[in-house]
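An overview of the molecular structure
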Amino acid sequence: MMKFFKILLISVISLCSMQIFAEESKVSELPENVTLFEKVDFVEDNLKEAPVIFGFGGLLYSRSDAVIGKSGSYFNLNGKYPFELSPRNNWQSLNGLSLWGTMNFTEKRFLAFKLTGIMKIGYESVIPLFNIDELYLNWDHPNGKIVIGRNLYTLKSDLNFTGHLDGLEIDINVPYLNFKSFLGFSGLLGVFHPYFNKYSLTAYDRSFDEQTNLTNLVTVVQINGHQSRRIFFATDFDIHFWSHHITPFFLMQYDISNIGLPNFNNDDYTINTFTIGLNLQGKIATNFYYKGDIAGVFGMMQDLENKKTKAIAAAGGTVELRYSIPPSAVNTFSIGYAMGTGTPNNDEDFDEDRVNADQIKKYYYYGKFSGGYVLEPQLVNIHSLSLKYLFTPNDKFSLNLSFFQTFKMYKESPISDNEANLSEYNLGSELDLGFLINFSRSVSVGLDSGLFIPENAYSDKTWRFRVGGTLALSF
């Protein structure tokens, strides 16, 4: 009996020793920065949130803008109505609904779409608009992603290209280098209405004749009307190190509107370009940043009607320095300069590309440029100096104040504002003020305003005012 108890006692002691050794082994496997009090008892039982297979949302918005003073007066009391803004046709209201959805296969592999309907209201006109804004497949891979379909495609140089296309994009990301390349077509963006095709360069691109006006109870279904039909191919290499980005890029644009199609053959002229440029971005010091963009544009204007060609050689660029006051970066200041060449000794209209000069030097770009809320100049035949201030105390409110001084590059040549009709360099000064209030994640209100003071290049020196407001409800 005593022998039995001895054996049992030895067995219990052995089992306890084995258990203690096992627990010590588990503790030794914990990371050095994890204590026993942080140890998870059931490591394999962590609950994971189920991926969302389908996602839906939308945006309901109203945007109105009005400009007064452009015609030498602000109000008209002798028009068709008792009270009219002057000019009476320089206001519009866009009231729209956007619906989007995604079907997720994994976290970063999904199919997405976005539909938009707009009621565009202007002076004595109401035009309904509809479009498929996005319809694309995004498929991430270990070193980048592939995008196929209608989507917003961008270069690091958002000045030279930012816009929607029906296309294909391939991104490859490796240490110190991000490679992006995309190929796309613009000719189907405005199938339901050319309003959604933003690549209008030639007279043919702008030749769509609007026939629908609900104020006159006229509705004409015009499918696939005249619009830009261009093929874009672009590549950039983002070399990044130590908070700096050096990005050379290439962009080719080929106009195929002269390819014979029933009722769509362009027999006027085409514009074909390729762009080579360099984008620089980086950090100079704490809260102090720089951004630069320079590009050369080359190509050919084919005069189909007269069977002639004319070379294109132009340049454009921007540079900006930005500083935020530490530590919270509530106040941000920036100074910038932008320039785009024009054709010297050009006595034609701004939109006319059949110029008398031997070479076209008009800067063609396909992205976005902000040169003033009122003037809204295209970056062609101008120099623009800017000073900006941004106040963001929290994520509920932001306020921006901007000043622009704009000059012609060649005083005898036109700019995008045809009211600048004198051969003088100084175009004018502009002061803009705007704010955005986010009442919640779903409701936001914005207000923009601007004052432009025409100077030497204008015969009509009436000050121009513009104001615009936006109400957005997202769900």
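Residues numbered from 1 in each chain as written. Predicted model: local features only at pLDDT ≥ 70, side-chain atom pairs only at ≥ 80, totals over all residues. Heavy atoms only, no water.

1. Some remarks on the pairing of strand β15 (residues 331-340)
Judged from the 9 bridges that link them, strand β14 (residues 308-324) and β15 form a sheet pairing that is antiparallel. The partner of G316 across the bridge, within β15, is G340. Where β15 and strand β16 (residues 382-394) come together, 10 bridges link them in antiparallel fashion. By the bridge assignment, T332 is partnered in β16 with L390. (Pairing = 2+ DSSP bridges. Helix = DSSP H or I, 4+ residues; strand = E, 2+ residues; numbered from the N terminus.)

2. Details of the side chain of S181
Assignment of secondary structure puts S181 in strand β9 (residues 177-185). Reaching out from S181, the side chain makes a polar contact with the backbone oxygen of A234 at a distance of 3.3 Å. Among the polar contacts made by the side chain of S181, one reaches the side chain of T235 at a distance of 3.1 Å. Aside from chain neighbours lying at most four places away, what touches S181 is L168, E169, I170, F233, A234 and T235. (Polar contact = N/O pair within 3.5 Å; in protein donor to acceptor, adjacent residues only side chain to side chain. Contact = heavy atoms within 4.5 Å.)

3. Brief notes about the pairing of strand β17 (residues 397-408)
Two elements, β16 and β17, share 11 bridges in a ladder whose sense is antiparallel. Within β17, the position partnered with F391 by the bridge is L399. Counting the residues that bridge the hairpin from β16 to β17 gives 2 residues.

4. A few points about the environment of N287
Structurally, N287 is set in the loop between β12 (269-285) and β13 (288-303). Distance in space between the C-alpha atoms of N287 and P326 is 7.0 Å, their sequence separation being 39 residues. Other than its neighbours up to four places away in sequence, N287 contacts R322, Y323, S324 and P326.

5. Details of empty space enclosed by the protein
What the rule picks out here adds up to 1 cavity of 30 Å³ or more. In this structure, the largest cavity occupies an estimated 120 Å³ of space. Surrounding the largest cavity, 15 residues form its lining, T343, N346, F350, K362 and V380 being those nearest its centre. Broken down by class, the residue content of the lining of the largest cavity amounts to 6 nonpolar, 5 polar and 4 charged. (1 Å grid on protein atoms, 1.4 Å probe; cavity = no way out; pocket = protein on both sides within 12 Å on 5 of 7 lines; lining within 4 Å. Points joined across faces, edges and corners; volume = space filled by probe spheres on them. Nonpolar A, V, L, I, M, F, W, Y, C, P; charged D, E, K, R; others polar.)

6. A closer look at the pattern of salt bridges
For the structure shown, the criterion picks out 14 salt bridges. Close ionic contact of D448 with R63 constitutes a salt bridge, the shortest N to O distance being 3.1 Å. Of this pair, D448 sits in strand β19 (residues 443-454) while R63 is found in strand β1 (residues 54-68), placing the two residues 385 residues apart along the sequence. Taking the shortest distance from any N to any O, the salt bridge between D303 and R354 comes out at 3.0 Å. One end of the pair, D303, is in strand β13; the other, R354, is in the loop between β15 and β16, with 51 residues separating them in the sequence. When salt bridges that share partners are traced, they join R63, D65, E376, D448 and R466 into one network. (Salt bridge = Lys/Arg side-chain N within 4 Å of Asp/Glu carboxyl O.)

7. With respect to unusual backbone geometry
Residue P87 is reached from S86 by a cis peptide bond, and omega for that bond is 0 degrees. For P87, the location among the structural elements is in the loop between β3 (84-85) and β4 (91-106). Omega for the peptide link from P326 to P327 comes to 5 degrees, which places this bond in the cis form. Inspection of the secondary structure puts P327 in the loop between β14 and β15. One non-glycine residue, E124, lies in the positive phi region at around 55 degrees. Here E124 shows up in the loop between β5 (109-122) and β6 (125-141). One non-glycine residue, N224, lies in positive phi territory at about 55 degrees. Of note, N224 is situated in the loop between β9 and β10 (230-241).

8. Description of the environment of S200
For S200, the position within the fold is in the loop between β9 and β10. Taking the C-alpha atoms as reference points, S200 and Q227, separated by 27 residues in sequence, lie 7.1 Å from one another. If we skip the residues at most four places from it in the chain, S200 touches D205, R206 and S228.

9. Comments concerning the confidence of the model for the protein chain
The predicted model of the protein chain has a mean per-residue pLDDT of 89, with 89% of residues at 70 or higher. Predicted confidence is poor over residues 1-48, with pLDDT under 50, and the contacts of this stretch with residues over four places away or in other chains come to 7 contacts. (pLDDT = per-residue confidence, 0-100.)

10. Comments concerning a nonpolar patch on the surface
On the surface, L60, L97, L99, L115, F130, F192, V221, I223, L471, L473 and F475 cluster together into a nonpolar patch covering about 970 Å² of accessible area. Elements that contribute at least two residues to the nonpolar patch include exactly β4 and β20 (464-474). Locating I223 in the fold gives a position in the loop between β9 and β10. (Patch = residues over 30% accessible without salt bridge, like charges linked within 9 Å, V, L, I, M, F, W, Y side chains within 5 Å. Areas by Shrake-Rupley, 256 points an atom, 1.4 Å probe, with all protein chains shown as cover.)

11. Section: the nonpolar core
Soluble globular proteins tend to pack their nonpolar side chains together in the buried interior. With 42 residues, the main nonpolar core has F161, Y363, Y364, Y366 and Y458 as its most contacted residues. Put simply, the parts of the chain that give this core at least two residues each are β5, β7 (144-154), β10, β11 (244-255), β12, β13 and β14. Element by element, the count of residues in this core is highest for β13, at 3 residues. Here Y363 is in contact with L159, N160, A295, V297, A314, A315, G316, G340, T341, L379 and V380, once residues within four sequence places are set aside. Within the second largest apolar cluster, 5 residues are counted, among which are L94, I118, L129 and F196. (Core = buried A, V, L, I, M, F, W, Y, C linked by side-chain atoms within 4.5 Å. Buried < 20%, exposed > 50% of the residue type's maximum accessible area, 1.4 Å probe, protein only.)

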